[in-house]
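The lines below spell out each chain.
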Amino acid sequence: MKSIIRLSLGIVIVTLFFAKYSFAQYYDYPAYATTNTEYKFHQFKVVDDSRFYDEPVINLSMDCLAANGYGQWTVSSNTGQYANIDNTWLINPNLAYNHGPGWFLLGNLIGKPSKSYSLGNTSAHPGCQPPGIVAGGNFAGVYSTLTPKPKATANLHGSVRFVWVDNTTSRNEFHVEGLNDIEGTDASINPTPEIDIAVDKLPAPWINRQVVKENIFQYANAKTQTSGSQVHTVITETGDWRDEFDIACDAKYLYIVWASTINLPGTGNTKGIWATAIDLKTGAKVSGYPILVSTQTIGVAINDQFPTVACDVRNNPSSPNFYVSYIDLNVNKAVVKEFLGTTMVPGHQETLLQFILPIGTPVPPAAICTTATHSRVVVSRGVGVSPIVSVYVLTTPTLLNTSLCHDLVLYNNIQWVNDIAKYVDG
């Protein structure tokens, strides 16, 4: 209910914020709508740099995306074009804000902006059409537009976190910044909530119409260091920077997972997966972290990559509780595990092997995954029910020709033994 209230109030604020003349935001205004014949819904496309006259333009690169009751949080490495002519569409409490690379809060629609309606010039001023960017700002720390870029995560208690690998520390630490409403703040660390949708009176001054009223808060870096001076440097992947680390958060903790080749236990190991847990309010590392996620087996070298992490976003645990999936390169399979505190939950570890192929494929009903290339663990839960853990896997099945390689399969509702996925697409 709180999320619904936040979203509803946010929409009211956006309406008050943008309205000079009110036009409904329907799909045919402006005329960029098309119909998807397969899924039967409208697509709304906004061409880069499009605007009706002299409105501000910010072409978002959308490097990541996370959502909660306030809207959708993203990061853009692009610089916007903006002329503050009449204080229209202010998205930051600082009038000197340069609309450069940083964080953004999006509403329910990205639109071609139009500030006003002019009966005699509807081609330039067809009506009030907000661009859909509710708030935005620069990061507090040094944000490189090069890789690795930030990832975003948000919970249902009014907190959002942006995390990226801090290259200034030789990739031995993660940079953490965040925004919170009153539920997510800590009086000793960050007493003033950045997110505040309260409107004291109408008509409200422009500063009160801002959803984010304070600058983003920079927390202490999350270190990869375990005991002593042993760091576990974040590896640089040759393909996609998004494979290097992953983040998630519940009501209490921020979880970060990554791969490293440095200071692995034992001998002969190549690359292992690590995880750390951070208190959301204080930014402090939880005692006992980071921990090794990869499995240590006598006589078998650790060689894992591409970790993803998920948690029950509704959970407010007394100890960290999260799920990790990754690719075990020794067998080219996806592995999923659950952790509670600093240890793996007994029995909650599985190497994912089989899936059902699409109807009509001339092979046995259950195909063995010969090569899993990527995995993504997800957790879903409704109010009053237990969480459901599932894993998406990109894989190459046996007995199929190369034209059907890299299928997407879903291991829905993991039972931790003999799970068989269903074919999704390929």
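Shown above is the structure to which this text applies.
Residues numbered from 1 in each chain as written. Predicted model: local features only at pLDDT ≥ 70, side-chain atom pairs only at ≥ 80, totals over all residues. Heavy atoms only, no water.

Peer 1: Any details on the overall build of the protein? Residues and values, ideally.
Peer 2: Scanning the protein from terminus to terminus reveals one helix and 24 strands. Within the protein, the fraction of its 426 residues that count as buried is 51%. Relative to all contacts within the protein whose residues are 6 or more apart in sequence, the contacts with residues 24 or more apart total 57%. (Helix = DSSP H or I, 4+ residues; strand = E, 2+ residues; numbered from the N terminus. Buried < 20%, exposed > 50% of the residue type's maximum accessible area, 1.4 Å probe, protein only. Contact = heavy atoms within 4.5 Å.)

Peer 1: Could you give an account of the packing of aromatic side chains, with specific residues and numbers?
Peer 2: Taken as a whole, this structure holds 10 aromatic pairs when the rule is applied. On the basis of an interplanar angle of 75° and a centroid distance of 4.8 Å, the ring pair of F217 and Y219 is categorised as edge-to-face. Take Y219: its relative accessible area is 5%, and that puts it in the buried class. Geometrically, the ring pair formed by F322 and F339 is stacked, given 5.4 Å between the ring centres and 15° between the ring planes. Here the residue F322 occupies a position in strand β17 (residues 321–328), and F339 occupies one in strand β18 (residues 333–340), the gap between them amounting to 17 residues. Owing to a relative accessible area of 3%, F339 belongs among the buried residues under this scheme. An aromatic cluster of three or more residues is present, and its members are Y253, Y255, Y289, F322 and F339. (Phe/Tyr/Trp six-rings, centres within 6.5 Å; stacked < 30°, edge-to-face > 60°.)

Peer 1: Quick one: what's the story with the environment of I273, residue by residue and with numbers?
Peer 2: The topology assignment puts I273 in strand β14 (residues 272–279). Each C-alpha atom of the pair I273 and S325 lies 9.7 Å from the other, and the pair is 52 residues apart in sequence. In contact with I273, not counting residues within four places along its chain, are W258, A259, I291, L292, V293, S294, D304, Q305, P307, V324 and Y326.

Peer 1: Provide a residue-level description of the nonpolar core, including the pertinent values.
Peer 2: If you look at the biggest cluster of nonpolar residues, it comprises 21 residues, and the most contacted ones within it are W73, W103, F162, L179 and V212. If you list the elements that add at least two residues to this core, you get β4 (71–76), β5 (102–106), β6 (133–137), β7 (151–154) and β8 (159–165). The residues touching V212, leaving out its near neighbours within four places in the chain, are W73, P93, W103, A135, L179, E194 and I195. (Core = buried A, V, L, I, M, F, W, Y, C linked by side-chain atoms within 4.5 Å.)

Peer 1: If you had to explain the pairing of β18 to someone new, which residues and values would you point to?
Peer 2: Counting buried positions over the eight residues of β18 gives seven, a clear majority of the element. Where β17 lies against β18, eight bridges are found, and the strand directions are antiparallel. Bridging from a neighbouring strand, Y326 pairs with V335 of β18. Between the antiparallel neighbours β17 and β18 lie four residues, among them N332 with a positive phi of about 55°. Sheet topology places β18 next to strand β19 (residues 343–352); six bridges connect them, and they run antiparallel. Looking at the pairing, V335 lines up with T351 of β19. Hairpin connection of β18 to β19: two residues between the antiparallel strands, including G341 at a positive phi of 70°. (Pairing = 2+ DSSP bridges.)

Peer 1: Provide a residue-level description of the pattern of salt bridges, including the pertinent values.
Peer 2: Per the stated rule, a full pass over the model turns up eight salt bridges. In this structure, D63 engages K149 in a salt bridge whose closest nitrogen and oxygen atoms are separated by 3.6 Å. Placement of D63 in the loop between β2 (42–44) and β3 (65–68) and of K149 in the loop between β6 and β7 is noted, with a sequence separation of 86 residues between them. As far as burial versus exposure is concerned, D63 and K149 are alike and both buried. Of the charged contacts in the structure, one is a salt bridge between D246 and R376, with a shortest N-O distance of 2.7 Å. (Salt bridge = Lys/Arg side-chain N within 4 Å of Asp/Glu carboxyl O.)

Peer 1: Please provide a residue-by-residue account of the side chain of T153, values included.
Peer 2: Looking at the secondary structure, you find T153 in strand β7. Within the local environment of T153, its side chain forms a polar contact with the backbone nitrogen of C249, the two atoms lying 3.3 Å apart. Beyond its immediate chain neighbours, meaning those up to four positions away, T153 contacts A66, S159, V160, R161, I247, A248, C249 and L254. (Polar contact = N/O pair within 3.5 Å; in protein donor to acceptor, adjacent residues only side chain to side chain.)

Peer 1: Now, about the sheet that holds β18: what can you tell me, with residues and values included?
Peer 2: Strands sit in the order β16-β17-β18-β19 across an open sheet of four strands; the sheet is antiparallel. Only two strands of the sheet have a single partner each, and these edge strands are β16 (304–310) and β19. On average, adjacent strands in this sheet sit at an angle of 20° to one another, irrespective of strand direction. (Axes fitted to C-alpha atoms, helices over the stretch in contact; angles between N-to-C directions.)

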